Amino acid sequence: MGAFPWARPPSHRKGTTVTEPSPDGRVRRRSRRTRRIVVPLTVVSAIVAGTVLSGCGQQRDPDVYTVMNSSTDESYHRWDGDTLKRCSKELGVTIEQQSVPASQLMTKALRMASSKSLPDVLQLDASEMPTFAEAGGLIPLKDLGLTTTDIPEGIVDFGSYGGKYYGAARTVNTLALFYNEDILDEAGLKVPTTWDEMRETAAELTQGKRYGLALSAGGAEDGVFQFTPFMWSNGGDETKLDSPEVAGALDYWKALLKDGSLSKSTVNWTQADVNDQFMAGNAAMMINGPWQVETLNAKKGLNWGIAQIPVPEAGDDSVGPLGGGVLTVPNTGDTEREKTAAKIIGCMAGEQEQITYALNSWMVPANTKAAAVWRTKAPELAALAGQVSTARSRTAQVGAQWSSVSLALQSAFQSALTGESSEAALKRAQQRVTSGN
Amino acid sequence: MSSTTASAALPAGPKATGPGKSEKPLSPLRAKRRRQFAQWGFIAPAVIFMALFFGYPLVRNIAMSFQDYSPSTFFTGEAPFNGLDNWRNVFGDGLFGKALWQTILFTVGSLVGQFCIGLALAVFFSRRFPLNGILRSLILLPWLVPMVVSGIVWRRIFDQDTGVLNSFLGTLGLGGDTPWLTSTSMALISVILVNIWIGIPFNMVILYGGLQEVPKELHEAAALDGASAWRTFRSVTLPVLKPVITVVLVLGFMSTVKILDLVLALTDGGPADSTQTLGTLTYQNSFVQMDFGAGAVVGNVLILISAVFAVFYLRANRNEGK
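Residues numbered from 1 in each chain as written. Chains lettered and ligands numbered in written order. Predicted model: local features only at pLDDT ≥ 70, side-chain atom pairs only at ≥ 80, totals over all residues. Heavy atoms only, no water.

1. Here's the deal with the overall build of chain B
When you go through chain B residue by residue, the secondary structure sums to 15 helices and 0 strands. Here the C-alpha atoms of chain B give a radius of gyration of 28 Å, more than 25% beyond the 20 Å that 2.2 N^0.38 yields for 322 residues. The principal-axis extent of the C-alpha atoms belonging to chain B is close to 100 × 75 × 35 Å. Looking at chain B residue by residue over its 322 residues, the buried ones come to 41%. In chain B, 65% of the contacts between residues at least 6 apart in sequence involve partners at least 24 apart. Within chain B, the 17 negative side-chain charges are centred at a point lying 20 Å from the centre of the 24 positive side-chain charges. (Helix = DSSP H or I, 4+ residues; strand = E, 2+ residues; numbered from the N terminus. Rg over C-alpha atoms; globule rule 2.2 N^0.38 Å. Buried < 20%, exposed > 50% of the residue type's maximum accessible area, 1.4 Å probe, protein only. Contact = heavy atoms within 4.5 Å. Lys, Arg positive; Asp, Glu negative; His and termini not counted. Charge placed at Lys NZ, Arg CZ, Asp CG, Glu CD.)

2. Brief notes about the packing of aromatic side chains
By the definition in use, this model includes 31 aromatic pairs over all chains. Considering the side-chain rings of Phe225(A) and Trp291(A), the 6.4 Å spacing of their centres and the 50 degrees angle between planes classify their relative orientation as tilted. Taken together, the residues Phe225(A) in helix α8 (residues 221-233) and Trp291(A) in the loop between β10 (283-288) and α11 (293-298) connect sequence positions 66 residues apart. Judged by relative accessible area, which is 6%, Phe225(A) ranks as buried. Measuring from centroid to centroid gives 5.8 Å for Tyr69(B) and Phe74(B), while their planes differ by 85 degrees, and the two rings are edge-to-face. The pair formed by Tyr69(B) and Phe74(B) is uniform in burial state, with each residue classed as buried. What links up through ring pairs into an aromatic cluster is the set Trp195(A), Phe227(A), Phe230(A), Tyr252(A), Trp253(A) and Phe413(A). Directly above the ring of Tyr65(A) sits Arg337(A), whose terminal nitrogen or CZ lies 4.5 Å from the centroid. (Phe/Tyr/Trp six-rings, centres within 6.5 Å; stacked < 30°, edge-to-face > 60°. Lys NZ or Arg CZ within 6 Å of the ring centre and 35° of its normal.)

3. A word on the state of the cysteines
All names here are of chain A. Taken as a whole, this structure holds 1 disulfide over all chains when the rule is applied. Residue Cys87 pairs covalently with Cys347 via a disulfide, S to S 2.0 Å. In this structure, the disulfide formed by Cys87 and Cys347 twists by about -90 degrees around the S-S bond and is classed as left-handed. Here Cys87, found in helix α2 (residues 74-91), pairs with Cys347, found in helix α12 (residues 335-348); they are 260 residues apart in sequence, far enough to count as distant. Considered together, Cys87 and Cys347 belong to a single accessibility category, that of buried residues. (Disulfide = S-S within 2.5 Å.)

4. Examining the pairing of strand β2 (residues 94-99) of chain A
Residues and elements named next belong to chain A. In this sheet, β2 lies alongside strand β1 (residues 64-69) in parallel orientation, the contact comprising 6 bridges. Residue Val64 lies in a different strand from β2, and its bridge partner there is Thr94. Between the parallel pair β1 and β2, the chain is carried across by α2, and the sense of this crossover is right-handed. (Pairing = 2+ DSSP bridges. Right-handed = clockwise from strand over helix to strand, strands pointing away.)

5. Observations concerning a negative patch on the surface
Residues Asp196(A), Glu197(A), Glu200(A), Glu204(A), Glu313(A), Asp316(A) and Asp317(A) make up a contiguous surface patch of negative charge. Among the secondary structure elements, Asp317(A) is positioned in the loop between β11 (304-307) and β12 (325-328). (Patch = residues over 30% accessible without salt bridge, like charges linked within 9 Å, V, L, I, M, F, W, Y side chains within 5 Å. Areas by Shrake-Rupley, 256 points an atom, 1.4 Å probe, with all protein chains shown as cover. Salt bridge = Lys/Arg side-chain N within 4 Å of Asp/Glu carboxyl O.)

6. A few points about the packing of α8(A) against helix α16 (residues 402-417) of chain A
Residue and element names in this part refer to chain A. For the pair α8 and α16, the least separation of the axes is 9 Å and the interaxial angle reads 85 degrees. Classified by the angle their axes make, α8 and α16 are roughly perpendicular. Together, Glu221, Gly223, Val224, Phe227, Thr228 and Met231 of α8 and Trp402, Ser406, Leu409, Gln410 and Phe413 of α16 make up the contact between the two elements. (Axes fitted to C-alpha atoms, helices over the stretch in contact; angles between N-to-C directions. Parallel < 35°, antiparallel > 145°, perpendicular 65-115°, else oblique.)

7. Remarks on the nonpolar core
Judged by nonpolar contacts, the single largest core of 58 residues is most densely connected at Phe132(A), Val172(A), Phe178(A), Leu296(A), Trp304(A), Ile306(A) and Leu381(A). With 6 residues, helix α3 (residues 102-114) of chain A is the largest single contributor of residues to this core. Once residues within four sequence positions are removed from consideration, Phe132(A) is found in contact with Met106(A), Ala109(A), Leu110(A), Leu118(A), Leu122(A), Leu124(A), Gly137(A), Leu138(A) and Phe75(B). Judged by nonpolar contacts, the second largest core, of 47 residues, contains Leu205(A), Phe225(A), Ala247(A) and Val433(A). (Core = buried A, V, L, I, M, F, W, Y, C linked by side-chain atoms within 4.5 Å.)

8. Topic: α16(A)
All names here are of chain A. An ideal rise of 1.5 Å per residue puts 22 Å on 16 residues; α16 measures up with 22 Å between its terminal C-alpha atoms. α16 sits mainly inside the fold: 16 of its 16 residues count as buried. Once α16 ends, the next one or two residues include Gly419, with phi positive near 135 degrees. (Expected span 1.5 Å × (residues − 1).)

9. Brief notes about a nonpolar patch on the surface
All names here are of chain B. A cluster of nonpolar residues, Leu131, Ile134, Leu135, Leu138, Leu141, Trp143, Leu144 and Val205, forms a patch on the protein surface that exposes about 770 Å² of accessible area. Among the secondary structure elements, those contributing two or more residues to the nonpolar patch are α6 (132-139) and α7 (141-144). Inspection of the secondary structure puts Leu138 in helix α6.

In structure tokens:
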């Protein structure tokens, strides 16, 4: 009783209005009063518990197909919405778009998997796809009748895991060298094509508050994405981080930093920061991707050009990383729906839709024929098309282990850029990957 | 207990039935049961809430740290128990020790900074002077800004080349080339500085409130006894303020030790893991590497640390009651 001070009879309470009636009357009144409170309270608890628990078991609407992507930006959401409207019409089904922030897409999809409420089509970042495929969450697209005709091998690999094609790309992107035409003209310099040229050009363009080159070496996927073209063009590989080729690429970055051609803030910059610096005139050249083009074009008076990322020696291939999303069919266990989902992907990744999407988003169509058409319509981005033809998928070799490799690698190049030797930093990174932490 | 005796003393039978009432009097046992039911009815919402939103996740998290919990678990529902594997992996990774040490530095540094500056400001503002109110509310601003926004703004301020802070220091002739966030030795200090900036208002407001409670007579008495300002502060103000100080420090500790968003926005744990804390490590394990078992281990360590301090807090409060 002592534990429930609120259960004391009313007469014990200060200021109560209940006078002392006959004993039985008091008891009955009290019991009726408590019932009046207790019953609703219990009901409320039951309802709260009920709603919480039932929230897990959503049912799929038989007439509506859902496509989940990370197009949370207004323009991307609208472009995708328009595509889906056209595909709805073509296929005669209702398609709904759900957009989740890119950083939450994976965990959201996993939660949906455990509550059996996965969407019909799921757009995953290509670097995340292997994790989902390895977990048994995706249906191979060929089983559902989609072919890979006219898709270059590199892009088929990009959407494949363990030799199976799970993800259809509409467009792909990669990194390139962006340069400020005015600054280069003024200095009378040509666009560099080799590492040595880039190092010299960057050093000459570094003046006052302006750096010759900007790139991202931040401690996240952005930085790793930017390191890959240097690592791969130099013959290095993510399966052996402590090889001399990878160390050579890292030493090249260190040299640029030592020359003063790169800002020391490079280790803290994201790709968006790099773009801001370039637009503000604080950098004469930058490594970045086509998703910045919309912003770059919005700035009046900025004359920029685009070129392939310089290679170690003249004649080497410039190997960049492939980026972008792939459309997948999650394993929902409903074969009929999965077949329709594949048709939706077929429509979204169709030639015409690819060109439309590529022109909107400044990316390169995945399909060879679509890319040919696109090249005539966006000639200023031709360098990108060339870069894409040799570009590589980050996960083709290490699959779902990429996230571990990426974490180890970013820690390594940050250590090296802040003082450690490239060899020691990379050796530790390789140990981290091997020990599986 | 009085009502129990009252109902026990009730005469049974038709006597109790009033005119026009069909209700039967309650037997003592039933009355007691009903009352107990009522009692439980009142605590039920709290108990259900706690069990659902605190108990369940806590137990799940502890269990998860002994399981091989991978993305495939979400499809198959199977997470085989793997004993101490996750714990061994996490503790065996050099990063854990580093993150733990950096968490300690971060927490202690933040608390000391926040508290000292907060207390100084609280004492300062407890005097009367013009614009006191306006200045006091302006100091609250950092508190109103979301953590991530502060992080992004400070990242720009700290930028080595284009940041406001360095160009300001440069104009004063104080160098202006400090690598705030880009050197492994400075980054953690910078993150602590930002967190101190964020935490000052909270400390100041609570301590200011506590200072208002210090009876004026005590200060007057001290003055009459000829105590110096410092002596008065140490022997009168601080002891009266003690319970408030405990609250401020414990709450500050709880919110500081689990820091995540600020670090992610400022440095992403870099450069070269020099600002990794247990919070960012949990995030990295669970949501970047998708190794939920390892994430749970680090999370449990954090819970354990917080629990130890919660016990200190409860003990301090219990002594206060005596």
